[in-house]
Amino acid sequence: MMNFDWGEDMKISFLVPGLLIFVFILLVCGGCQEPVVSSAGPEGSGKEIVQVPEPEPDPVPEPEPVSEPDRVPEDVKVVEAAKKVGAKIEFESVVVDLGEIGPKSKNPFKFKFKNVGDGPLKILNVSKVCGCTQPTWERRAYAPGESGVIKVTYTAGSTVGKVSKGLTATFNSTSMSNKRVGLKVIGRIVKKIKVEPERLKLVFNKENAGCPKIKVTSVDGKPFAVTGFGTPGNVIKAAFDRNAESTEIVLEPKVDIEKLKRRMSGYIKISMNHPQCKSIQVRYTATPRFKVQPGSLILRGCNPNEPVTRELWILSTYGEEFEVSSISSKLNCVSLEKKEKVDNRYKLTVKVTPPENKGKSVLSDTIHINLADDERLRISCRLYYMSRK
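Predicted, not measured: the structure shown is a model, and the values here were computed from it.

## A closer look at the pattern of salt bridges
Scanning all chains against the criterion turns up 14 salt bridges. Glu196 serves as the salt-bridge partner of Lys215, at 3.6 Å between the closest nitrogen and oxygen. Of the two residues, Lys215 is situated in strand β14 (residues 214-218) and Glu196 in strand β12 (residues 193-196); the sequence distance between them amounts to 19 residues. When salt bridges with common partners are traced through the structure, they connect Glu258, Lys261, Arg289, Glu320, Asp373 and Glu375 into a single cluster.

## Here's the deal with the nonpolar core
By size, the foremost hydrophobic cluster in this structure holds 27 residues, and its most contacted members are Leu202, Ile214, Val216, Leu260, Ile268 and Ile270. Only β12, β13 (199-203), β14, β15 (226-230), β17 (248-251), β19 (265-274) and β20 (277-287) provide two or more residues apiece to this core. With 5 residues, β20 is the single largest residue contributor to this core. Sequence-distant contacts of Leu202, that is, excluding residues within four places in its chain, are made with Ala209, Cys211, Ile236, Val255, Leu260, Tyr284, Thr285, Ala286 and Thr287.

## Thoughts on the sheet that holds strand β26 (residues 345-352)
Taken together, 4 strands build an open sheet; the order of strands is β21-β23-β26-β25 and the sheet is antiparallel. Whereas interior strands pair on both sides, the edge strands pair on one side only; in this sheet they are β21 (290-293) and β25 (334-342). When strand polarity is set aside, the average angle formed by the axes of neighbouring strands in this sheet is 25°. Summarising the sheet, strand β23 (residues 308-316) and β26 pair through 8 bridges and their orientation is antiparallel. Bridge pairing in β26 places Trp313 opposite Lys347.

## So, the packing of aromatic side chains
Following the criterion strictly, the structure yields 6 aromatic pairs and no others. Measuring from ring centre to ring centre gives 5.1 Å for Phe113 and Tyr142, while their planes differ by 80°; the resulting arrangement is edge-to-face. Note that Phe113 is positioned in strand β5 (residues 106-115) and Tyr142 in strand β8 (residues 141-142), a separation of 29 residues in sequence. By relative accessible area, Phe113 is classed as buried at 3%. Since its relative accessible area comes to 1%, Tyr142 is described here as buried.

## Overview of the sheet that holds strand β6 (residues 121-128)
One open sheet holds the 5 strands; their spatial order is β4-β11-β10-β6-β8, and the pairing between them is mixed. The sheet is open, and its two edges are formed by β4 (95-101) and β8, each paired on a single side. Bridge count between β6 and β8: 2 bridges; the pairing is antiparallel. Residue pairing across strands places Leu121 opposite Tyr142, the latter belonging to β8.

## Some details on a positive patch on the surface
A grouping of Lys104, Arg199, Lys201, Lys269 and Arg283 is seen on the molecular surface, where their side chains present a positively charged patch. Relative to the assigned elements, Lys269 resides in strand β19.

## Looking at the environment of Asn115
Locating Asn115 in the fold gives a position in strand β5. Residues Asn115 and Lys88, spaced 27 residues apart in sequence, show a C-alpha to C-alpha distance of 5.5 Å. Here Asn115 is in contact with Ala87, Lys88, Pro120, Leu121, Tyr142, Ala143, Pro144, Gly145 and Glu146, once residues within four sequence places are set aside. A polar contact is formed between the side chain of Asn115 and the backbone oxygen of Gly119, at a distance of 2.8 Å.

## Concerning the side chain of Ser329
Within the secondary structure layout, Ser329 lies in strand β24 (residues 324-329). At 3.1 Å, the side chain of Ser329 forms a polar contact with the backbone nitrogen of Asn332. At 3.0 Å, the side chain of Ser329 and the side chain of Asp365 are in polar contact. Those residues in contact with Ser329 that lie beyond four places of it in its chain are Val334, Asp365, Thr366, Ile367 and His368.

## Looking at the pairing of β5
On a regular strand, each side chain points to the face opposite its neighbour's, so the side chains alternate between the two faces of the sheet. Only one face of β5 is covered, namely the one carrying Asn107, Phe109, Phe111, Phe113 and Asn115; the face carrying Lys106, Pro108, Lys110, Lys112 and Lys114 has none of its residues buried. Two strands pair when backbone bridges link them, and β5 and strand β9 (residues 147-155) are joined in this way by 9 bridges, in the antiparallel orientation. Pairing of Phe111 across the sheet is with Ile150, part of β9.

## Comments concerning unusual backbone geometry
Across residues other than glycine, the phi torsion is negative in most instances, and most of the peptide bonds are trans. Put simply, Glu196 and Pro197 share a cis peptide bond, and its omega is -5°. Within the element layout of this structure, Pro197 appears in the loop between β12 and β13. Cis geometry is adopted by the peptide bond preceding Pro294, which originates at Gln293 and carries an omega value of -5°. Assignment of secondary structure puts Pro294 in the loop between β21 and β22 (296-302). In the Ramachandran plot, Lys104 falls in the positive-phi region, its phi being about 60° despite a non-glycine side chain. Note on placement: Lys104 falls in the loop between β4 and β5. Lys104 gets classed as partly exposed once you look at its relative accessible area, which sits at 36%. Even without glycine at this site, Asp374 takes up a positive phi of about 70°. Considering the arrangement of structural elements, one finds Asp374 in the loop between β27 (362-371) and β28 (376-385).

About the criteria used
- Residues numbered from 1 in each chain as written.
- Predicted model: local features only at pLDDT ≥ 70, side-chain atom pairs only at ≥ 80, totals over all residues.
- Heavy atoms only, no water.
- Salt bridge = Lys/Arg side-chain N within 4 Å of Asp/Glu carboxyl O.
- Helix = DSSP H or I, 4+ residues; strand = E, 2+ residues; numbered from the N terminus.
- Core = buried A, V, L, I, M, F, W, Y, C linked by side-chain atoms within 4.5 Å.
- Buried < 20%, exposed > 50% of the residue type's maximum accessible area, 1.4 Å probe, protein only.
- Contact = heavy atoms within 4.5 Å.
- Pairing = 2+ DSSP bridges.
- Axes fitted to C-alpha atoms, helices over the stretch in contact; angles between N-to-C directions.
- Phe/Tyr/Trp six-rings, centres within 6.5 Å; stacked < 30°, edge-to-face > 60°.
- Patch = residues over 30% accessible without salt bridge, like charges linked within 9 Å, V, L, I, M, F, W, Y side chains within 5 Å.
- Areas by Shrake-Rupley, 256 points an atom, 1.4 Å probe, with all protein chains shown as cover.
- Lys, Arg positive; Asp, Glu negative; His and termini not counted.
- Charge placed at Lys NZ, Arg CZ, Asp CG, Glu CD.
- Polar contact = N/O pair within 3.5 Å; in protein donor to acceptor, adjacent residues only side chain to side chain.

Pasting the structure below:
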């Protein structure tokens, strides 16, 4: 049996690998930095000095550019400017319906609007198509988001039926489609007050000219009071109480016969405090007792002091008996040559003697036909003279 000494062999087996690892580390470290050999040193020493270079410092990073927070790039400014729309108006409604309104009534209403743009809004003008619409507005600037109104008062006409009136509002908007806006008011004129009779036919052969009572009634049931009654020339009058309100008022007109002879036609104006009717008119006409035919005389080719004869017919419209007593004129140039009664008419032969015209080419005169009961009829007469060369 053989005997081995394991102690020496084990030492050798561990020592060799350790030396190999140490040599390898030295070689690696020496290859990373190349030594610099310098002959500098004490003269004659014969020794070489090995200089190991210092490690280079880490590079310092350059600071990144800092942008200015308040500075907006030019391209962004252009985009933001393009997004601005300026002043822009938006109406709640461009049409106002007044519904049923009374004749000649005043009807106020509003067009409501809002500035939906991003610039100040101004109303430059509001034009109307007729004087029946009266617009008003505030002449100031409306900030973005601010609201306003255009006030309008429409005065209704006297004719019943549908109505439609337009207006045009102009603004300082940058958009052509929003610069001018058409507005409209519509409604229906209906009678709020009814009057009976609507027209008076007066005569001279009846008491008070045959004028009936006038009844004024509220159609919508709202009470009112009569505040005025009159006619041009004070031909017809009536008593009333301006403090007495009712849905129905009866008036008793009184006719001045002499004034009626001078104003054979006209109208009565009845004023009231009804909310939808401030006044109403009643037309009247009077049938004359007599008619003269022709109703006027026109003489052409006249020469001074050369008489002209014409015929006039007088007719009683009520079939009354009457008598013509005389005839005269303002210029004293008319005379009655002959009168002839035919049934209830008179045929008059009238002589007109043109006076000196004193250089005038036309003279006007009034012929008076006087009846036996103090009635006086009037017709006009115009004289056209021959021109003298």
